[in-house]
Every structure is written in structure tokens, then in C-alpha cells.
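Listed below, chain by chain, are the residues.
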Amino acid sequence: MVERWAVMGRSVKIPVALALTLLLGGGVAVMVWVAGGWSWQAVERAGWLAAIAAVLLPAAGLWVWALRPDAQATGPQGGRRQQGEKWWSAPVFRVDPLRVGVHRSRHGLPPYVARDCDTQLAQRLDHAAVHGGLVLVVGPSTAGKTRAAWQAVATRFADRDVFVPDPGADLTRLADAVAARARGGGRSVVWLDDLDKYLNEGTSLTNSLLQQFHQAGAVVVATMRQGIHTRLTAPGPTARTPDGRELSVGEEERRLLRDTSVITVARQWSEAELDRAQASRDTAVARAARRQRDGRGHGVGEYLSSAPALYDLWQAQQELSASEGGYPRGHRVVAASVDLARIGVEHADRDLLEAAHNLYDLPDVLRPELFKQALDWAAQIHEDTCGLLLPATTGNPPTAWRPFDYLVDQTTTPIPDSLWRLALEHATNPATLTALGRAAYDHDRPDIAETAFRRAADSEHPRAMNGLGILLEERGEEAEAESWWRKAAEAGYTPAMNNLGLLLEQRGEVAEAESWWRKAAEEGHTPAMN
């Protein structure tokens, strides 16, 4: 309740202060009337000094509060969110783990069970505090990677502040804020749950930014799902220069991830971990450990978060008619959201979900429910844990949704061909277009990739300019490729500096090539150092 009052704006606080002041005054008037009416003697009997103080002192405090400038909003668990910034911060010891990405169970947050990786995590955090770098924890959805990473942070760095950026935040501005906190004597943790969201949108995390965070005394901790890490670190489609050197879409992210030693959290808990879980006084944890030992194919974290049950619930609706209590349209809405996430559109608004779900066969015999009913069902809490679709915006009601990540990890069905075009038609955000272009490039859809990259490049998105340059270079259109690489390089995008240098070297313009490589190397882009 205190936090809700703290974030009221003046437009709300001034009427509240006025109403309470009148209420206080009215209370004093009643007191005087009871004491004998409005006479000087009555006021004396009521204690006129006390009466005046009873109104003036609380009223003064109310008006100081009401007129105070609205400098900050409140983030999760009292976290501070400066107006206009896309992150919040709070002391680590005050943060609820559910607010930083930990999955809830049916009974809220179960007690932490020590994992085999805990010692390695603590050592890596201590090393990063001294030497910098990225602490990256990787594992399947619901394996417990976020819980283990946060437990380590809360244990080692309880006295620090944590900074949690929104996906799409400008991480260079965040680095400035962390540096400002350091100048005031504060030490920080930068928390990047689902790191891929900070590689696809906004100002991507780079080795240069990692160095800036380290210089500000911050430790950068991130998590990533195993399937995404595997995809991003695998060799992708590449173009080659005449001398055999590669120009690769997504090369900067791959290099960052390949240079980072990961801590892996397994989906299936080890025997030692199961022993500790079964020794827990929490019945839900002990029951989940027994279920894994029964050989049902899932891990403890999956059972605690009800992930398999949520997946089964989703699948059960596919052929279940509405007259039988099913949500066949709801199944298609979730399927559309899942497949959109697989092609780079991580969250979708109502219009896109409504259009996309129509691409999935829905026989009339199933007597499907209305779209609003389908969306409401998909977004409601199931199994006392979470929805199949989760809100991607902070408003109430939300205006966009994203799929429960476990469903994405479990889905291998073909992506409808027309979904690519539909996503392209609806996408307007340059970061979303760039992510869609990258996914299309990886799926050998150069037509989609070019359109997406070109639209984002027209909005001066540097990663899109670089990707478009690579596509054009592959087709032999070197003049236009050079123009896009030059624009991206001048905007400070180091992979484009490297690619531009390669192109210039081929033409014999070695001096300019070396100048771009030097700039890229100074920004920490290691290929340019060669």
C-alpha cells in the first residue's frame, strides 16, 4: 500500500489531499459541536490549540506530499524506475525472485534446493566481480536456471543494487546509470534474464558494454534457454569474400556467446540434488523429486511449475469441441503465438494474434468459441501457476502477449508459410523487423529477410543495415551493400565496420579498410583485431 501511494501523480495526490483536509476540518467541527456548539467557551472546553493543531499539522504534511515533484515511479518490490528510463533498480535483498523471471509453483515460491552448480556459480560471480565478463547460466525452460542464478546473486551480493532493463532498453544509457550509481559509492548487479531479448532488441550487449559495466563495478548476470543458446552459437548462413573470409548475420552475438563460458543447469536433477529435494520439508518439492525418480521423463522444476501439465492442457484443446468444454480456437491462438516467437516476433498484439490464428485449420464441427473467449482462456492462470500466454505489456489489461517459453521449447511442428508474410505485414518496430529478418535468413527465406531488413534499415537500425548489406553482397550488389555497411559503421556498429573493411580491402583501399578495422578493434570487436 505504501508503494501505491508513493507512485501517485500530482493529478491524483492534490484531490486526495484536499479531500482529507476537509475531512479533518469536519472532524474538528463535530468535536466542537459535541462540546457545546460554536461558542468561544465551547472551543476553550474542546482545547482550541489542540483543535487547530489537529487540522493544521496533518494537513501540512498532506500538502507537502501532494505537491512533491513526481521524480520516480516504483518498480517491482519497491524498485526505483526513473521517469523515461526502461529499467528499474532495487536493493538485491528486497527483490522478490518472482519479479526477476523465476517461475512460480502452485504454492508460490518453494524453498530453494541447493543445485550441483551452486559452487561453480559462486566462483564465477566472484571472478566477474574482480575481472569483469558475463556470468551466463544456460538450461532448458523450467530447469531452474533463473532460480539458481538469482539465489547466487542474493547470497553473494545482497548489499548491492540490481538493475533490471526492459527488453529493448538502450544498454548504453543503462551503463551510464550504473556508472553514476558507482560514483555515489554504490555497487550493482545488471540482471539480464532471457539474454536473447537483449540481443534482438534495443542496443545489444557487446564486449565493449561489458567492459563499461565492469569499470563501473557492476557484475553482469544473464540466463538463456538451452535451445536458443544452441541456435545462436551454431554456424549460421554466411556470405564469403573472394579470399574466403566470412560475413555472417548475427556474427556479433555468436562471438559474444562463444567467448562466454556457460554454467549449465540440467533439466533432469542429479541423484544428489534429488536427495536434497526429498529431504526438504516442503511437500511439493519432495513430491516433485519422487515423480522424477518414478521415471516419468520430466525434471523437478517442470513438475513444480506444472509445465508438462500446461503443455498437455494446450494440446488437449486441439480436437476438443467447445460444446465438450474445450477451447479449440484457444489452441490455435496459442499455436500462433508460439510460432510467431519461433520466427522472431516475441510478443504479439490482439490484431496479430486474431489474424495469425486463422492460418491454422479450425473445423466448424468443433463449434469454436469466440476469439475473445479464446484469448481470455489462453491468458488466464492455469494449474495455479501461469497462463499459456503471458502479458508482454505492463498495462491492465495488457495490449500484447508472449507464449509461455516452455511451449516454445517443446514445439517442433512446421511453421505455416503464410505466417512469415503476415508477421511482416504487421511488424512496425525496427527491432522486431530485424529479429524477423534474422530468423528468415536462418530459415533460408531471403525474400522475407530482405524485406524485413530493408524496412528496419530505412529506420536507421544498424543491425538491419548490416544484415541487408550481407544479403546484397551475396547477390553481387556490392555498391548498395557498401552504402548500407557505411551507414551502419558511421552509426557505430562494429560488425559493419569489419565488413566494410573487408570490402574496401578487396578493392585495394587498404588505408581506409585499416581505419575501420582499427575503430572496430577499439570497440572490442575481436575479428577486426586480426
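These lines cover the structure that appears in this document, whether it is placed above or below. (Residues numbered from 1 in each chain as written. Predicted model: local features only at pLDDT ≥ 70, side-chain atom pairs only at ≥ 80, totals over all residues. Heavy atoms only, no water.)

Describing the sheet that holds strand 12 (residues 389-391)
Strand order in the open sheet made by the three strands is 11-13-12, with antiparallel pairing throughout. Unpaired on one side and paired on the other, strand 11 (348-349) and strand 12 mark the two borders of the sheet. With three bridges connecting them, strand 12 and strand 13 (residues 400-403) associate as antiparallel partners. Opposite leucine 390, over in strand 13, you have arginine 402 as the bridge partner. (Pairing = 2+ DSSP bridges. Helix = DSSP H or I, 4+ residues; strand = E, 2+ residues; numbered from the N terminus.)

Section: the pattern of salt bridges
Within this structure, the stated rule accounts for 25 salt bridges. A salt bridge links arginine 187 to aspartate 159; the shortest N-O distance between them is 2.9 Å. Taken together, the residues span a long stretch of sequence, with arginine 187 in the loop between helix 7 (171-183) and strand 6 (188-192) and aspartate 159 in the loop between helix 6 (145-156) and strand 5 (161-165) at a distance of 28 residues. Judged by its relative accessible area of 57%, aspartate 159 falls in the exposed class. (Salt bridge = Lys/Arg side-chain N within 4 Å of Asp/Glu carboxyl O. Buried < 20%, exposed > 50% of the residue type's maximum accessible area, 1.4 Å probe, protein only.)

Some details on the nonpolar core
Generally speaking, nonpolar side chains in soluble globular proteins are found buried as a group. In terms of nonpolar packing, the biggest core is built from 70 residues, with Val334, Leu340, Ile343, Leu353, Leu389, Leu419 and Trp420 touching the most fellow members. Once residues within four sequence positions are removed from consideration, tryptophan 420 is found in contact with Ile343, Ile415, Leu436, Ala439, Ala440, His443, Arg445 and Ile448. Listed in part, the 27 residues of the second largest apolar core include Leu171, Leu192, Phe213 and Leu257. (Core = buried A, V, L, I, M, F, W, Y, C linked by side-chain atoms within 4.5 Å. Contact = heavy atoms within 4.5 Å.)

Describing the packing of aromatic side chains
This model, assessed by the stated rule, comprises four aromatic pairs. Plain terms: the ring middles of tyrosine 311 and tryptophan 314 are 5.8 Å apart, the flat faces sit at 80 degrees to each other, and that makes the pair edge-to-face. One end of the pair is tyrosine 311 and the other is tryptophan 314, both in helix 15 (residues 307-316) and three residues apart, which spans about a single turn. Their ring planes at 10 degrees and their centres at 5.1 Å tell us that tyrosine 327 and tryptophan 377 sit as a pair that is stacked. Of this pair, tyrosine 327 sits in the loop between helix 15 and helix 16 (328-342) while tryptophan 377 sits in helix 18 (residues 371-379), and the two are 50 residues apart along the sequence. Overall, the relative accessible area of 28% leaves tyrosine 327 in the partly exposed class. In this structure, arginine 115 is placed above the aromatic ring of tryptophan 269, and the distance from its NZ or CZ to the ring centre is 4.0 Å. (Phe/Tyr/Trp six-rings, centres within 6.5 Å; stacked < 30°, edge-to-face > 60°. Lys NZ or Arg CZ within 6 Å of the ring centre and 35° of its normal.)

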